[in-house]
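The residues making up each chain are set out below.
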Amino acid sequence: SVVLNVGGTRYSFSREVLKDFPLRRVSRLHGCLSEQDVLEVCDDYDRERNEYFFDRHSEAFGFIMLYVRHGHLRFVPHMCELSFYNEMIYWGLEGSHLDYCCQRRLDDRMSETCTYYAAEEPNGGPEGKGRRPPGAEGRKWLERMRRTFEEPTSSVAAQVLATVSILFVIVSMVVLCASTLPEWRAPENRSVEEQSRYTAESVREPSGIIEAICIGWFTAECIVRFIVSKNKCEFVRRPLNIIDLLAITPYYISVLMTVFTGENSQLQRAGVTLRVLRMMRIFWVIKLARHFIGLQTLGLTLKRCYREMVMLLVFICVAMAIFSALSQLLENGLDLGTKNKDYASIPAACWWVIISMTTVGYGDMCPITVPGRILGGICVVSGIVLLALPITFIYHSFVQCYHELKFRSARYSRSLSAEFLN
């Protein structure tokens, strides 16, 4: 018989069972002809007792053995999904061997923690020094460029690039805010020809030049990041890249509209569209999420807690439906001699419910009957309770996301420190 000792737990099998064993690492023992071949598969070997030692997680292997016997593979309770996945890879299993529910957990976990499994460098061994496959230098250069643009703490050049990008975002936001001042805005009573001439000349003004420089920087940055990205389709689907596209595209659309409309009679309608497109530059603020952990934590928390957010919206919608119908009935629906015109319909009462549940209370409309005021008090208290219920889950997720992103940033900072030392 053959004995497998995995983390102190012993399993006994017949020699013939190893030949067709479902785990590739165990089945490789059947074809080992020498002790050196055996030690390439396991950590140690006892010839007298025919016992193979594996310094691996014993509880994880126990769950893997359940898959061997019953055909169902699930995660070990209270064990990190990524750690169990590493055990699976060691024994020769893949993510497809997991049950469907556990596959989804593994996919979510890998996407949340941004885990990448990189292959070992071919020249890592002592005999491989100095020999690199064709194209290795090019791939290394692309990887360095990708990290420079994607990870602000990965190198000195990445930090400089991130600082320049932040300065451009700040400058563009200052110009956007200043352009709404009365001294900067074009008079509304211009004729069509004057408006056309003003629109054409505004590009040559200092604000227009600054805006063009910022757009040029953001466009060049986006193009370079697209070129050096590993997966072009994945690059296009990322939320931050979509936001970059939404922030850059309106400028070029507005320039094209200005060129093609000219002195056309439709310029007045085009002017409204241009103002809307220019105001979409506010999306540039979200570009700061690439360089600040706080904004990244907020985005990752919203992504993870979408179920809690949906639950919160359901609570609010249900409460709005109930309280708006009751308030409309008590304030306007019953013939009590004091009809409140602000509650003439249920949709109008919904506005009062939402500002009451969120404890904003603008005071633009309020109940005047005694039953309506009692209902208003219940509405406010219910809003505090309902809004507080999912907050605990969102808070714990926020803390977890912050620590994960902080750990990732510290990992790149260590590489940055090594670069300074070198």
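Quick caveat: nothing in here was measured; it's all calculated off a predicted structure.

What about the pairing of strand β1 (residues 2–6)?
Here is step 1 of the chain: Judged by how many residues are buried, β1 sits mostly within the fold: 5 of 5 residues are covered.
Here is step 2 of the chain: Hairpin connection from β1 to strand β2 (residues 9–13): 2 residues lie between these consecutive antiparallel strands, with G7 at a positive phi of about 60°.
Here is step 3 of the chain: Summarising the sheet, β1 and strand β4 (residues 51–54) pair through 4 bridges and their orientation is parallel. Within β4, the residue paired with N5 across the bridge is F53.

Some thoughts on the packing of aromatic side chains
Here is step 1 of the chain: Under the definition given, this model contains 12 aromatic pairs.
Here is step 2 of the chain: With centroids separated by 5.6 Å and ring planes inclined at 80°, the aromatic side chains of F75 and F84 adopt a geometry described as edge-to-face.
Here is step 3 of the chain: Under the relative-accessibility criterion, F75 is labelled buried at 6%.
Here is step 4 of the chain: Here F84 falls in the buried class, since its relative accessible area comes to 0%.
Here is step 5 of the chain: Look at F168 and F218: their rings are 6.5 Å apart centre to centre, the planes differ by 70°, and that puts the pair in the edge-to-face class. Of this pair, F168 sits in helix α7 (residues 156–178) while F218 sits in helix α9 (residues 206–228), and the two are 50 residues apart along the sequence. Each member of the pair, F168 as well as F218, carries the same accessibility label: buried.
Here is step 6 of the chain: One aromatic cluster is present, formed by Y11, F54, F61, Y90 and W91 through successive ring pairs.
Here is step 7 of the chain: If you follow K232 out to its NZ or CZ, it ends over the ring of F226, 5.9 Å from the centre.

What about empty space enclosed by the protein?
Here is step 1 of the chain: Applying the stated criterion to the full structure yields 1 cavity of 30 Å³ or more.
Here is step 2 of the chain: In this structure, the largest cavity occupies an estimated 40 Å³ of space.
Here is step 3 of the chain: Counting residues per element, the lining of the largest cavity draws most heavily on α7, which supplies 3 residues.
Here is step 4 of the chain: Among the residues making up the lining of the largest cavity, the classes are represented as 5 nonpolar, 2 polar and 1 charged.

Quick notes on the environment of C379
Here is step 1 of the chain: Along the chain, the position of C379 falls in helix α16 (residues 370–388).
Here is step 2 of the chain: On a C-alpha basis, the gap between C379 and I354 in space is 9.3 Å, while along the polypeptide they are 25 residues apart.
Here is step 3 of the chain: Other than its neighbours up to four places away in sequence, C379 contacts F323, W352, V353, S356 and M357.

Overview of the packing of helix α13 (residues 293–304) against helix α14 (residues 306–333)
Here is step 1 of the chain: Viewed as axis vectors pointing N to C, α13 and α14 meet at an angle of 70°, and their least axial separation amounts to 5 Å. Classified by the angle between their axes, α13 and α14 sit roughly perpendicular to one another. On α14, the residues that touch L302, K303 and R304 of α13 are Y306, E308 and M309.
Here is step 2 of the chain: Looking at the contact of α13 with α14, its residues break down into 3 nonpolar, no polar and 3 charged.

Some thoughts on the side chain of E87
Here is step 1 of the chain: If you trace the backbone, E87 turns up in helix α4 (residues 81–91).
Here is step 2 of the chain: Not counting residues up to four positions away in its chain, the partners in contact with E87 are R56, H57, A60, I64 and M79.

Structural notes on the packing of α14 against α16
Here is step 1 of the chain: Running from N to C, α14 and α16 point in directions that differ by 175°, and their axes come no closer than 10 Å. Taken together, α14 and α16 sit at an angle that is classed as roughly antiparallel. Facing α14, whose interface residues are L312, F315, I316, A319, F323, L326, S327, L330 and E331, α16 presents P371, G372, L375, I378, C379, S382, L386 and L387.

Here's the deal with the nonpolar core
Here is step 1 of the chain: L4, Y52, F54, F84 and W91 are the most contacted members of the largest nonpolar core, which totals 36 residues.
Here is step 2 of the chain: Secondary structure elements with two or more residues in this core: β1, β2, α2 (35–41), β4, α3 (58–70), α4 and α5 (100–112).
Here is step 3 of the chain: Per-element tally for this core: the top contributor is α4, with 6 residues.
Here is step 4 of the chain: W91 has contacts with V6, L23, R24, R25, V26, F54, R56, F61 and I64, leaving out every residue within four places of it along the chain.

Quick notes on the sheet that holds β2
Strand pairing in a sheet relies on backbone hydrogen bonds. The paired strands run either parallel or antiparallel.
Here is step 1 of the chain: The 4 strands are arranged β2-β1-β4-β3 in an open sheet whose pairing can be described as mixed. At either end of the open sheet lies a strand with only one pairing partner, and these are β2 and β3 (44–46). Averaged over all pairs of adjacent strands, the angle between strand axes in this sheet comes to 20°, irrespective of strand direction.
Here is step 2 of the chain: The pairing of β3 with β4 spans 3 bridges and is classified as antiparallel. Its bridge partner lying in β4, D44 is registered against F53.
Here is step 3 of the chain: Contacting β1 and β2, α3 crosses the sheet at an angle of about 30° to β2.

Thoughts on the pattern of salt bridges
If the charged atoms of two oppositely charged side chains come close together, the side chains can form a pair.
Here is step 1 of the chain: One pass over the structure, following the stated rule, counts 8 salt bridges.
Here is step 2 of the chain: Residue D46 pairs with R49 through a salt bridge whose shortest N-O separation is 3.0 Å.
Here is step 3 of the chain: You can call R49 exposed: its relative accessible area is 51%.
Here is step 4 of the chain: D99 is paired through a salt bridge with R74; the nearest N and O atoms lie 3.2 Å apart. A residue pair is termed long-range when its members are at least 10 positions apart, and D99 in the loop between α4 and α5 and R74 in the loop between α3 and α4 qualify at 25 residues.
Here is step 5 of the chain: D99 sits in the buried class, given a relative accessible area of 15%.
Here is step 6 of the chain: Classification of R74 by relative accessible area gives partly exposed; the value is 44%.

Cut-off values and rules
Counting restarts for each chain: residues are numbered from 1 in the order of the written sequence. Local features in this predicted model are restricted to residues whose pLDDT is 70 or higher, and side-chain atom pairs enter the listing and the counts only when it is 80 or higher, whereas totals over whole chains, interfaces and linings include all residues. To obtain the side-chain values, all non-hydrogen atoms of the structure were included, while hydrogens and water were left out. Here the term buried applies to any residue with accessible area under 20% of the maximum for its type, exposed to any over 50%, and partly exposed to those in between, with areas from a 1.4 Å probe on protein chains only. Strands here are runs of E lasting at least two residues and helices are runs of H or I lasting at least four, both read from the DSSP assignment and numbered beginning at the N terminus. Strand pairing requires that DSSP identify at least two bridges connecting the strands. Each aromatic pair joins two rings of Phe, Tyr and Trp (for Trp, the six-membered one) with centres within 6.5 Å, and gets the label stacked for planes under 30 degrees apart, edge-to-face for over 60, and tilted for any other angle. Cation placement over rings: the criterion is NZ of Lys or CZ of Arg within 6 Å of the ring centroid and within 35° of the ring normal. Detection works on a 1 Å grid of protein atoms alone, calling trapped sets that fit a 1.4 Å probe cavities and calling open sets with protein on both sides within 12 Å along at least five of seven lines pockets, with lining residues defined by an atom within 4 Å of a point. Grid points are joined across faces, edges and corners, and a volume is the space filled by probe spheres set on the points. In the scheme used here, Gly and all other residues not listed as nonpolar or charged are polar, with Ala, Val, Leu, Ile, Met, Phe, Trp, Tyr, Cys and Pro taken as nonpolar and Asp, Glu, Lys and Arg as charged. Contacts are assigned to residue pairs that have any heavy atoms within 4.5 Å of one another. Lines fitted to the C-alpha atoms define the axes, with helices restricted to the stretch that makes contact. Angles between their N-to-C directions range from 0 to 180 degrees. Every angle not falling under 35 degrees, over 145, or within 65 to 115 is termed oblique; those three ranges are roughly parallel, roughly antiparallel and roughly perpendicular. What we call a nonpolar core is a set of buried Ala, Val, Leu, Ile, Met, Phe, Trp, Tyr and Cys residues that are connected through their side-chain atoms within 4.5 Å. By salt bridge we mean one thing: a side-chain nitrogen of Lys or Arg within 4 Å of a carboxyl oxygen of Asp or Glu.

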